[in-house]
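# Survey of secondary and tertiary structure
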Amino acid sequence: MPVSTYAELFASARERIDILVYAAVFLHEAYPRLNDLFRERAADGCAVRIAIGDADSANVQRRGKEEKFGHGIESRCRFALPSAGACSAL
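A short tour of the structure in this document, coming up. (Residues numbered from 1 in each chain as written. Predicted model: local features only at pLDDT ≥ 70, side-chain atom pairs only at ≥ 80, totals over all residues. Heavy atoms only, no water.)

## Points about the overall build of the chain
Counted only if it meets this: To qualify as a helix, a DSSP run of H or I must reach at least 4 residues; to qualify as a strand, a run of E must reach at least 2; elements of each kind are numbered from the N terminus. Note on exposure labels: buried denotes an accessible area under 20% of the residue type's maximum, exposed denotes more than 50%, and partly exposed covers the range between, all computed with a 1.4 Å probe on protein chains only. It only takes one pair of heavy atoms within 4.5 Å for two residues to be counted as in contact. Note on areas: these come from Shrake-Rupley sampling with a 1.4 Å probe, and a residue is covered only by the protein chains present in the view.
Assigned secondary structure in the chain consists of five helices and two strands. When the helices and strands of the chain are listed from N to C terminus, the series reads α-β-α-α-β-α-α. Seen along its three principal axes, the alpha-carbon backbone of the chain occupies a region of about 40 × 25 × 20 Å. Expressed as a percentage of the 90 residues in the chain, the buried residues total 31%. Within the chain, contacts between residues separated by at least 24 positions form 67% of all contacts whose residues are at least 6 apart in sequence. Looking at the chain as shown, the accessible area adds up to about 5800 Å², and 54% of this sits on carbon and sulfur atoms.

Okay, structure coming up:
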């Protein structure tokens, strides 16, 4: 799905945005204004929740091995935290 579709869905949300991902770093890379969009939605009363994978969890590490990414998924989970943390005021 194109990132523009995600942005349109997030922008049209009125009640809640719930995101469950390993990292989804691609969203911030492709749509640098993403955190601003989340803040705007929250300011309008929309609940925003983002759950990012725990890089140290056995499940994330297993997924990396299954997909032959090595430590790629773990690294992306760690990298995603500062991006999501910028939304912590939500």
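From this point, the discussion proceeds with the structure in view.
## Section: the nonpolar core
This is how it is decided: To qualify as a nonpolar core, a set must consist of buried Ala, Val, Leu, Ile, Met, Phe, Trp, Tyr and Cys residues joined through side-chain atoms within 4.5 Å.
Among the nonpolar cores identified, the biggest contains 12 residues, and these are Val 3, Phe 10, Ala 13, Ile 17, Ile 19, Ala 24, Leu 27, Leu 34, Leu 37, Phe 38, Cys 46 and Val 48. Elements supplying a minimum of two residues to this core: helix H1 (3–12), strand E1 (16–21) and helix H3 (34–43). Here this core gets three residues from one element, more than from any other, and that element is H3.

## Details of the packing of aromatic side chains
Cut-off, in case you're wondering: For this analysis, a ring pair means two rings from Phe, Tyr or Trp (six-membered ring only for Trp) whose centres lie within 6.5 Å, classed as stacked if their planes differ by under 30 degrees, edge-to-face if by over 60, and tilted for the remaining angles.
Inspection of every chain in the model, using the stated rule, returns three aromatic pairs. Seen from their ring centres, Tyr 6 and Phe 26 are 6.0 Å apart, and the 65 degrees between their planes marks the pair as edge-to-face. Of this pair, Tyr 6 sits in helix H1 while Phe 26 sits in helix H2 (residues 25–30), and the two are 20 residues apart along the sequence. Here the aromatic cluster, defined as three or more aromatic residues joined through ring pairs, consists of Tyr 6, Phe 10, Phe 26 and Phe 38.

## Observations regarding the environment of Phe 69
Along the chain, Phe 69 falls in the loop between helix H4 (58–66) and helix H5 (72–85). The residues touching Phe 69, leaving out its near neighbours within four places in the chain, are Gly 64 and Arg 76.

## A few points about H1
Operational definition: Directions are taken from the helix axis to each C-beta atom, and the arc is the one they span.
All of the buried residues along H1 are Val 3, Ala 7 and Phe 10. For H1, the angular spread of buried residues about the axis comes to 65 degrees, placing them on one side. On the buried face of H1, the contacting elements are E1, H2 and H3.

## Observations concerning the side chain of Arg 41
Structurally, the position occupied by Arg 41 is in helix H3. Beyond its immediate sequence surroundings of up to four residues, Arg 41 is in contact with Phe 10, Ala 11, Ala 13, Arg 14, Ile 17 and Cys 46.

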